[in-house]
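Commentary on secondary and tertiary structure
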Amino acid sequence: MKFQQPRLPYAPDALEPVISPVTIDFHYGKHEKAYIDNLNRLVKDTPYEDMPLERIIVESDGALFNNASQAWNHIFYFFQFNPGGLKAPGGKLAEKIEEQFGSLEEFQKQFEEAGATLFGSGWVWLANDNEGNLEIIKGSNADNPLRLNLNPILTFDVWEHAYYLDYQNRRADYLHRLWDILDWSVIESRYTL
Ligand code: MN
């Protein structure tokens, strides 16, 4: 097994009541595990076998791309949460959000809106270009900003499996609550110029 599923850095109930332990069990324990298992099966004995996952995401297509990207996206999503984390960005990221969106609240509103209006399954992203400019991106299915030569820094999963057990069809409520468990120190550390 080349690609391993990392253990989450918090207990299954640590994100309650925003994300329940049952959702963690299904979403990370079953959905994410399946993407990693499929990825390992699909790369076996191919030229992709020894590539970093980020390069597979950029260079592959079809089932391999879908499973590679979903494997990466879920680790990126789950590792940005920590209920005791930093509640607002600081430094260069805070300055850039203010410059481009006017305020953190306005950025959050636009980000939630992008997620709520994404049709079907996918991910809403905050990413930056090589000059540090920020962009909110709506990506369908397994999409990832690495494919657009952008650096991903924040993502909310808007596949129904991310929220249906806890919020049923209330996707907008789920998106709004995620800020409560987001650790902005992780997001800041991903913002590279
Ligand atoms: Mn998911």
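See the structure above.
Computed from a predicted structure; not experimentally measured.

Take the pattern of salt bridges next. Scanning all chains against the criterion turns up eight salt bridges. Measuring nitrogen to oxygen at the nearest pair gives 3.9 Å for the salt bridge that ties aspartate 45 to lysine 44. Residue class for aspartate 45 comes out exposed when judged on its relative accessible area of 66%. For lysine 44, a relative accessible area of 51% puts it in the exposed group. In this structure, the salt-bridge partner of arginine 55 is glutamate 59, at a minimum N-O distance of 2.8 Å. Taken together, the positions of arginine 55 and glutamate 59, both in helix 2 (residues 53-59) and four residues apart, correspond to about one turn of that helix. Residue classification places glutamate 59 among the partly exposed positions, given a relative accessible area of 38%.

This part takes up the side chain of histidine 161. Following the sequence through the fold, histidine 161 ends up in helix 6 (residues 160-167). There is a polar contact of 3.1 Å between the side chain of histidine 161 and the side chain of histidine 27. Residues in contact with histidine 161, not counting those within four places in the same chain, are His27, His31, Tyr35 and His74.

This part is about helix 6. Among the residues of helix 6, His161, Ala162, Tyr163 and Tyr167 are the ones counted as buried. Packed against the buried residues of helix 6 are helix 1 (21-43), helix 3 (62-78), strand 3 (151-157) and helix 7 (171-178). Just beyond helix 6, the residue with positive phi is glutamine 168, at close to 50 degrees.

With that settled, the discussion passes to the coordination of the manganese ion. Coordination of the manganese ion by the protein comes from His27 (NE2), His74 (NE2), Asp157 (OD) and His161 (NE2), over a distance range of 2.0 to 2.1 Å. For the manganese ion, the donor residues sit on a single chain with the sequence spacing H-x46-H-x82-D-x3-H. Separated by 87 residues along the polypeptide, histidine 74 in helix 3 and histidine 161 in helix 6 bring together distant segments of the chain. Taking relative accessible area as the criterion, histidine 161 reaches 19% and is therefore assigned buried.

Along the chain, asparagine 40 falls in helix 1. At a separation of 2.8 Å, a polar atom in the side chain of asparagine 40 contacts the main-chain amide nitrogen of phenylalanine 3.

Our focus in this paragraph is the packing of aromatic side chains. All told, the structure shown has 19 aromatic pairs when counted by the stated rule. Ring centres of tyrosine 77 and phenylalanine 78 lie 4.9 Å apart, and the angle between their planes is 80 degrees; on these two criteria the pair is classed as edge-to-face. Residues tyrosine 163 and tyrosine 164 carry aromatic rings whose centres are separated by 6.2 Å and whose planes lie at 45 degrees to one another, so their mutual orientation is tilted. Following the ring pairs from residue to residue traces out a cluster consisting of Tyr28, Trp72, Phe76, Tyr77, Phe78, Phe81, Trp123 and Trp125. Sitting above the plane of the phenylalanine 65 ring, arginine 147 keeps its charged end 4.0 Å from the centroid. We note arginine 190 situated over the ring of phenylalanine 76; from NZ or CZ to the ring centre the distance is 3.5 Å.

The subject of this paragraph is the sheet that holds strand 2 (residues 134-140). An order of 2-1-3 is seen for the three strands of this open sheet, with the pairing classed as antiparallel. The open sheet terminates on both sides in strands that have one partner only, identified here as strand 2 and strand 3. For this sheet, the mean inter-axis angle between neighbouring strands, taken without regard to orientation, is 25 degrees. Two elements, strand 1 (residues 122-128) and strand 3, share six bridges in a ladder whose sense is antiparallel. Directly across from asparagine 128, in strand 3, lies its bridge partner asparagine 151. Contacting strand 1, strand 2 and strand 3, helix 5 (residues 104-116) runs over the sheet at an angle of about 145 degrees to strand 1.

Parameters and conventions
Residues numbered from 1 in each chain as written. Predicted model: local features only at pLDDT ≥ 70, side-chain atom pairs only at ≥ 80, totals over all residues. Heavy atoms only, no water. Salt bridge = Lys/Arg side-chain N within 4 Å of Asp/Glu carboxyl O. Buried < 20%, exposed > 50% of the residue type's maximum accessible area, 1.4 Å probe, protein only. Helix = DSSP H or I, 4+ residues; strand = E, 2+ residues; numbered from the N terminus. Polar contact = N/O pair within 3.5 Å; in protein donor to acceptor, adjacent residues only side chain to side chain. Contact = heavy atoms within 4.5 Å. Donors = N, O, S within 2.8 Å, 3.2 Å for Na, K, Ca; no water. Phe/Tyr/Trp six-rings, centres within 6.5 Å; stacked < 30°, edge-to-face > 60°. Lys NZ or Arg CZ within 6 Å of the ring centre and 35° of its normal. Pairing = 2+ DSSP bridges. Axes fitted to C-alpha atoms, helices over the stretch in contact; angles between N-to-C directions.

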